[in-house]
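Chain by chain, the residues run as shown.
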Amino acid sequence: DWMRKYEIDYVDTYLMEIAHRITCICEFRPYIPIITFDTRDFFKCALKGYSFSLYDMRNLELIEFET
(Lines give C-alpha, C1' and ligand atoms only; values in the text may rest on other atoms or scores of the structure.)
Protein backbone atom coordinates (compact mmCIF):
# COMPACT_ATOMS: atom_id res chain seq x y z
CA ASP A 1 0.00 0.00 0.00
CA TRP A 2 2.81 2.42 0.88
CA MET A 3 4.54 1.80 -2.44
CA ARG A 4 1.40 2.69 -4.37
CA LYS A 5 0.32 5.57 -2.15
CA TYR A 6 3.66 7.43 -2.15
CA GLU A 7 5.10 6.02 -5.40
CA ILE A 8 8.26 4.67 -3.79
CA ASP A 9 10.30 1.58 -4.52
CA TYR A 10 10.32 -1.69 -2.61
CA VAL A 11 13.79 -1.36 -1.08
CA ASP A 12 13.04 2.06 0.44
CA THR A 13 9.71 0.81 1.77
CA TYR A 14 11.44 -2.21 3.31
CA LEU A 15 14.14 -0.05 4.94
CA MET A 16 11.49 2.21 6.49
CA GLU A 17 9.55 -0.80 7.78
CA ILE A 18 12.62 -2.43 9.35
CA ALA A 19 13.87 0.86 10.86
CA HIS A 20 10.39 1.51 12.27
CA ARG A 21 10.08 -1.95 13.82
CA ILE A 22 13.54 -1.83 15.42
CA THR A 23 12.91 1.70 16.70
CA CYS A 24 9.58 0.72 18.28
CA ILE A 25 10.68 -2.63 19.74
CA CYS A 26 13.89 -1.21 21.24
CA GLU A 27 12.34 2.20 22.03
CA PHE A 28 15.25 4.05 20.40
CA ARG A 29 15.36 7.83 20.67
CA PRO A 30 16.36 9.36 18.33
CA TYR A 31 14.83 6.95 15.84
CA ILE A 32 17.15 4.49 14.10
CA PRO A 33 18.74 6.11 11.02
CA ILE A 34 18.54 4.96 7.43
CA ILE A 35 21.80 5.85 5.69
CA THR A 36 21.46 6.76 2.01
CA PHE A 37 22.57 8.97 -0.86
CA ASP A 38 19.02 9.05 -2.31
CA THR A 39 16.72 10.74 0.21
CA ARG A 40 13.72 11.48 -2.05
CA ASP A 41 11.48 8.57 -1.10
CA PHE A 42 12.25 8.93 2.58
CA PHE A 43 11.26 12.61 2.62
CA LYS A 44 7.96 11.68 0.91
CA CYS A 45 7.13 9.35 3.80
CA ALA A 46 8.57 11.31 6.74
CA LEU A 47 6.13 11.66 9.65
CA LYS A 48 3.49 9.51 7.91
CA GLY A 49 3.43 6.52 10.22
CA TYR A 50 6.96 5.14 10.19
CA SER A 51 9.49 6.03 12.89
CA PHE A 52 12.95 6.54 11.38
CA SER A 53 15.71 9.10 11.06
CA LEU A 54 17.69 9.70 7.89
CA TYR A 55 21.42 10.11 7.41
CA ASP A 56 22.05 11.98 4.17
CA MET A 57 25.40 10.80 2.80
CA ARG A 58 25.57 13.68 0.32
CA ASN A 59 25.51 16.34 3.03
CA LEU A 60 26.77 14.14 5.90
CA GLU A 61 23.76 15.25 7.89
CA LEU A 62 21.46 13.42 10.31
CA ILE A 63 17.82 14.38 9.81
CA GLU A 64 15.47 13.49 12.64
CA PHE A 65 11.75 13.34 11.86
CA GLU A 66 10.51 13.03 15.44
CA THR A 67 7.56 15.19 16.38
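Residues numbered from 1 in each chain as written. Predicted model: local features only at pLDDT ≥ 70, side-chain atom pairs only at ≥ 80, totals over all residues. Heavy atoms only, no water.

1. As for the pairing of strand E2 (residues 53–56)
Remember that side chains alternate between the two faces of the sheet whenever the strand is regular. Looking at chain direction, strand E1 (residues 33–36) and E2 are connected through four bridges and run parallel. Residue pairing for E2: Pro33 is matched across the bridge by Ser53. One crossover worth recording links E1 to the parallel E2 by way of helix H3 (residues 40–45), and it is right-handed. Taking the residues that link successive antiparallel strands as the turn, the E2-strand E3 (residues 61–64) hairpin has four residues, and the phi of Leu60 there is positive, at about 50°. (Pairing = 2+ DSSP bridges. Helix = DSSP H or I, 4+ residues; strand = E, 2+ residues; numbered from the N terminus. Right-handed = clockwise from strand over helix to strand, strands pointing away.)

2. Some points on helix H2 (residues 10–26)
The end-to-end C-alpha distance of H2 is 24 Å, a good match for the 24 Å that 17 residues give at a rise of 1.5 Å each. For H2, the complete set of buried residues consists of Asp12, Thr13, Met16, Ala19, His20 and Thr23. For H2, the angular spread of the buried residues around the axis is 135°, confining them to a single face. Turned more than 90 degrees away from the buried face of H2 sit Tyr10, Val11 and Ile25, all of them exposed. Directly beyond the C-terminal end of H2, a positive phi value near 55° is found at Glu27. (Expected span 1.5 Å × (residues − 1). Buried < 20%, exposed > 50% of the residue type's maximum accessible area, 1.4 Å probe, protein only. Arc of directions from axis to C-beta.)

3. A look at the environment of Met16
Position of Met16 relative to the elements: it lies in helix H2. Assessed through its relative accessible area of 0%, Met16 is described here as buried. Sequence separation between Met16 and Pro33 is 17 residues, and the spatial gap between their C-alpha atoms is 9.4 Å. If we skip the residues at most four places from it in the chain, Met16 touches Ile8, Ile34, Asp41, Phe42, Cys45, Tyr50 and Phe52. (Contact = heavy atoms within 4.5 Å.)

Functional significance is not addressed by these values, which are geometric in nature.
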